[in-house]
Structure formats: C-alpha cells, structure tokens
Amino acid sequence: MIIAILKIIGGLVGLTFGADRFVGGASAVARELKVSPLLIGLTIVAFGTSAPEMLVSASAALKGNPGIALGNAIGSNIANVGLVLGATALVMPLMVQSQTLRKEFPILWLVMLGVFVLMYNLELTFIKGVLMLLGLFAFMAWIVIDGKRSAAMGKPPEILDEVSIEAISFPKAVFWLLVGLVILVLGANILVDGSAFVARSIGISDAVIGLTIVAIGTSLPELAASLAGALKGEPDLAMGNVIGSNVFNLLGVIGIAGVLSPLSFDAELMLRDYSLMLLLTGLLFGLCLWQGRGGKSEATLTRSHGILLLAIYLVYQITIVMQSLADQAPVSA
C-alpha cells in the first residue's frame, strides 16, 4: 500500500512537471518554426493543460481500467468548477467577461449535453469515441478561427496572456518537448498503477478513484495556474482556463477512452456524477448571469460564491467515498 501511495504521489508530480516542460518546449519549438503566438496559445497551451487527463485516460483504458478514465474526465470537470474556481474566487474575486457568458458558456453546455446524449445508454463505443474526438477537432478549429478574428479586431484572446515562450535554442526546446512528453507518459502510467492498486485494496471502484484522487491530481495544473493568476492580479484568466479544460476533458478524455477501450458503465456515473457536473456548471453560470444583469460588461464571482462552490465540492467528495465504502461493507446476518 505504501508503494502504491508513493506511486500516486510520484505520478502526480510527474504529470505536473511534465505538462509544464511539454508546454514550454512545444511553445519554443513553435516559435522557432515561425508559428504565430496566437496559434501557440490556442492549440499547444490549450492541449497542454489537458494533457495529464488525456494521458491518464489512455493509460487507464489500455491497462483495462476504463472506470478511472471516465471518472477522471467527469471528476476533473467537477473539480475544475468546485475546487479550482472556488479556491481561486476565495483568494480573489473573479472577473467574468460578458463574451464568456455569450460564447464560451453556451459551447460548454452544448458539449455537455451532446456527450450526455451519446452516453445515455450507458455504453461508450468506438464510434462514439470517434465522434467526440471529431468534436474536439471542431472545437479547436473554432477557437483558432475565433482567435484570428479577435486578433484582427485588436482584441487578442485571454489565453495569449498565459503564453510565456522561453528564449531557448531550438535543440534545447526539442529536448524539453520530448522530456516533457516522456515524463507525462510515465507519470500517467505510474498514477494509474498506484490508483488501481489502492482501489482494489480498500474495496472501492476504479470510477470512484478516478472521481477523487485522480481527478484532483490531474486538475492540479489548472488549480496552480488559476491561483497564480489570482495572486498576480489576473484572476479573470481562471474562467477561460476552466471552460476550455472542461470541453477538452469531455471530448478528448472520454473520446480517447472510447476509441481505445469501448465499455459499459454503471448508471450511477450518469445519475450522480454527470448530473452534479451539469448542476454545478449551471450554478456557476447562474451566479455569473445574476452578477452580470443589467447590461454590465462583466460579472464577478465573489468570495462567498467561492465558499459555496468549495463546500459543494467537499460534500460531494465525502459523499462518494463514504457511499463506496458502505457499499463494500459486509452485511451482517
């Protein structure tokens, strides 16, 4: 058990460090190849923040633990709203631009409902996985086109503020790109191995491990980036990060699991966990919409809202763990 716990910790550290090196190296390589900063921000950075979830999903599916893959995707989305935005708003109130309410939120809702329809019969097939991945490519195409349009109008997208392209040589950039990718893969494999062992040892399902330990771990890059932005006086970046990451998780993470390891899953994952994701996202949208009423150009996610989101997330985590343990407890005669 101790070795498994060390694997989980090591895997999470590897994912965090690997993602940082991968994004830095890829951005530097793109710069050397004369790729515009706009495309770097909208593609490489967007993919890099969701790389831990995607690689964990692929590793879990290939190792025969698809429950971790699905739990990771849904659990990470819940963590992004409840934990990441809740904690960030607690540090500093979040500014939400009206454009986010008009464009990004509707797209996230469309994706959530579309994935819900595809998974409604409790089966994730190869074809459904392919459809989700095609949806991800369409989403990336849209953000690139929209980003170019915004740049042409003199309004570069917020994600560009996150791009910090290191001034390093091309060989060094390639080196860190490859090192980051290798560490990401190793970290994902180690994390899945450790998580699966812990799940078997304490008698809870792979899906619950995915919804708790793995989901929190793979959301650490988003949490770190959002908190850093808040401390640097740029808390408005967190909302865009979370919306983009949640779209990537649903289409990319679940899509990869479907392509690599088609499966059937328990109805509880949809009734309890996917429903909570919908409700929590709806609550977030409602809070922002209420704050932005009256034609305001932006809304504010306050500290009290952050406390509410964090409280809901904490109760949810405790509930699913206690419920899983209770289900495994022997029934006395």
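Keep in mind that this is a model prediction, so the values were computed, not measured.

The rules behind these values
Residues numbered from 1 in each chain as written. Predicted model: local features only at pLDDT ≥ 70, side-chain atom pairs only at ≥ 80, totals over all residues. Heavy atoms only, no water. Helix = DSSP H or I, 4+ residues; strand = E, 2+ residues; numbered from the N terminus. Buried < 20%, exposed > 50% of the residue type's maximum accessible area, 1.4 Å probe, protein only. Contact = heavy atoms within 4.5 Å. Phe/Tyr/Trp six-rings, centres within 6.5 Å; stacked < 30°, edge-to-face > 60°. Salt bridge = Lys/Arg side-chain N within 4 Å of Asp/Glu carboxyl O. Core = buried A, V, L, I, M, F, W, Y, C linked by side-chain atoms within 4.5 Å. Polar contact = N/O pair within 3.5 Å; in protein donor to acceptor, adjacent residues only side chain to side chain. Expected span 1.5 Å × (residues − 1). Bend = angle between axes of the 7 residues up to and from the residue. Patch = residues over 30% accessible without salt bridge, like charges linked within 9 Å, V, L, I, M, F, W, Y side chains within 5 Å. Areas by Shrake-Rupley, 256 points an atom, 1.4 Å probe, with all protein chains shown as cover. Axes fitted to C-alpha atoms, helices over the stretch in contact; angles between N-to-C directions. Parallel < 35°, antiparallel > 145°, perpendicular 65-115°, else oblique. Left-handed = near helix turned anticlockwise from the far one by under 90°.

Novice: Is there a simple way to explain the overall build of the protein in this structure?
Specialist: Secondary structure assignment for the protein yields 11 helices and 4 strands. The buried share of the protein, taken over its 333 residues, is 50%. Taking all contacts inside the protein whose residues are at least 6 apart in sequence as the whole, residues at least 24 apart take part in 88%.

Novice: Got a minute to help me understand the environment of Leu287 in this structure?
Specialist: Mapped onto the elements of the fold, Leu287 is located in helix H10 (residues 267-291). Along the primary structure Leu287 and Ala299 are separated by 12 residues, whereas in three dimensions their C-alpha atoms are 8.7 Å apart. Ignoring anything within four residues of it in the chain, the contact list for Leu287 reads Leu301 and His305.

Novice: What is the right way to look at the packing of aromatic side chains in this model?
Specialist: For the structure on display, the rule yields 6 aromatic pairs. With 5.7 Å between their ring centres and 45° between their planes, Phe116 and Tyr274 make a pair best called tilted. Of this pair, Phe116 sits in helix H4 (residues 98-119) while Tyr274 sits in helix H10, and the two are 158 residues apart along the sequence.

Novice: So what exactly am I meant to see when it comes to unusual backbone geometry here?
Specialist: In terms of backbone geometry, most residues other than glycine have negative phi values and most peptide bonds are trans. Even without glycine at this site, Leu122 takes up a positive phi of about 65°. Here Leu122 shows up in the loop between H4 and strand E2 (123-124).

Novice: Mind showing me how you'd approach the environment of Glu222 here?
Specialist: As for its position among the elements, Glu222 is in helix H8 (residues 220-231). Taking the C-alpha atoms as reference points, Glu222 and Ser245, 23 residues apart in sequence, are found 8.2 Å from one another.

Novice: Sorry, what's going on with the pattern of salt bridges here?
Specialist: Any two side chains of opposite charge can pair, so long as their charged atoms come close to each other. Applying the stated criterion across every chain yields a total of 2 salt bridges. For Glu268, the salt bridge identified is with Arg272, shortest N-O distance 3.4 Å. Taken together, the positions of Glu268 and Arg272, both in helix H10 and 4 residues apart, correspond to about one turn of that helix. Residue Glu268 is classed as partly exposed on the basis of its relative accessible area, which comes to 29%. The exposure class of Arg272 is buried, given its relative accessible area of 19%. One salt-bridge network, held together by shared partners, links Glu268, Arg272 and Asp273.

Novice: What's the story with the nonpolar core in this structure? I'm lost.
Specialist: If you look at soluble globular proteins, the nonpolar side chains tend to sit buried side by side. One finds Val115, Met239, Ile254, Tyr274, Leu284 and Leu301 to be the most contacted residues of the largest nonpolar core, which totals 77 residues. Each residue touching Tyr274, except ones within four places of it in the same chain, is listed here: Ile74, Val111, Met112, Val115, Phe116, Leu250 and Leu269.

Novice: How do you make sense of the side chain of Asn249 when you look at a structure like this?
Specialist: Looking at the element boundaries, Asn249 is found in helix H9 (residues 237-260). Side chain to side chain, Asn249 and Asn77 meet in a polar contact 2.9 Å long. Those residues in contact with Asn249 that sit more than four places away from it in its chain are Ser50, Glu53, Ala73, Ser76, Asn77, Asn80 and Ile254.

Novice: Help me out: how do you make sense of helix H7 (residues 206-218) in this one?
Specialist: Residue pairs three or four apart in sequence face the same way in an α-helix, which turns once every 3.6 residues. Over its 13 residues, H7 runs only 15 Å from end to end, short of the ideal 18 Å by more than 12%, given 1.5 Å per residue. Where H7 bends most, the angle comes to about 30°, and this point is Thr212. Considered for burial, the residues of H7 that qualify are Val208, Ile209, Gly210, Leu211, Thr212, Val214, Ala215, Gly217 and Thr218.

Novice: Even after reading the chapter, I still don't get helix H3 (residues 66-91), so can you show me in this structure?
Specialist: The first and last C-alpha atoms of H3 sit 35 Å apart over 26 residues, in line with the 38 Å expected at 1.5 Å per residue. Of all the bends in H3, the greatest, near 35°, is centred on Ala79. Most of H3 sits inside the fold, with 24 of its 26 residues counted as buried.

Novice: Looking at this structure, I do not really get a nonpolar patch on the surface. What am I missing?
Specialist: A surface patch of nonpolar side chains, about 770 Å² in accessible area, is lined by Met1, Ile2, Ile5, Leu6, Ile9, Val13, Phe197 and Ile202. Counting only elements with at least two residues in the nonpolar patch, the list comes to helix H1 (2-32) and helix H6 (170-202). Here the nonpolar patch takes 5 residues from H1, the largest share from any one element.

Novice: Help me understand the environment of Ser201, please; the structure alone is not making it clear to me.
Specialist: Along the chain, Ser201 falls in helix H6. C-alpha of Ser201 to C-alpha of Met1: the two residues are 200 residues apart in sequence and 7.7 Å apart in space.

Novice: What should I look at first to understand the packing of H3 against H7 in this one?
Specialist: Packed helices, taken two at a time, are described by their axes: the angle between them and the distance between them. At their nearest, the axes of H3 and H7 sit 7 Å apart, and the two run at 45° to each other. In terms of their interaxial angle, H3 and H7 are classed as oblique. In terms of crossing hand, the pair formed by H3 and H7 is right-handed. In this structure, H3 uses Gly67, Ile68, Gly71, Asn72, Ile74, Gly75, Ser76, Ala79 and Leu83 to contact H7, whose residues at the interface are Asp206, Ala207, Gly210, Leu211, Val214, Ala215, Ile216 and Thr218.

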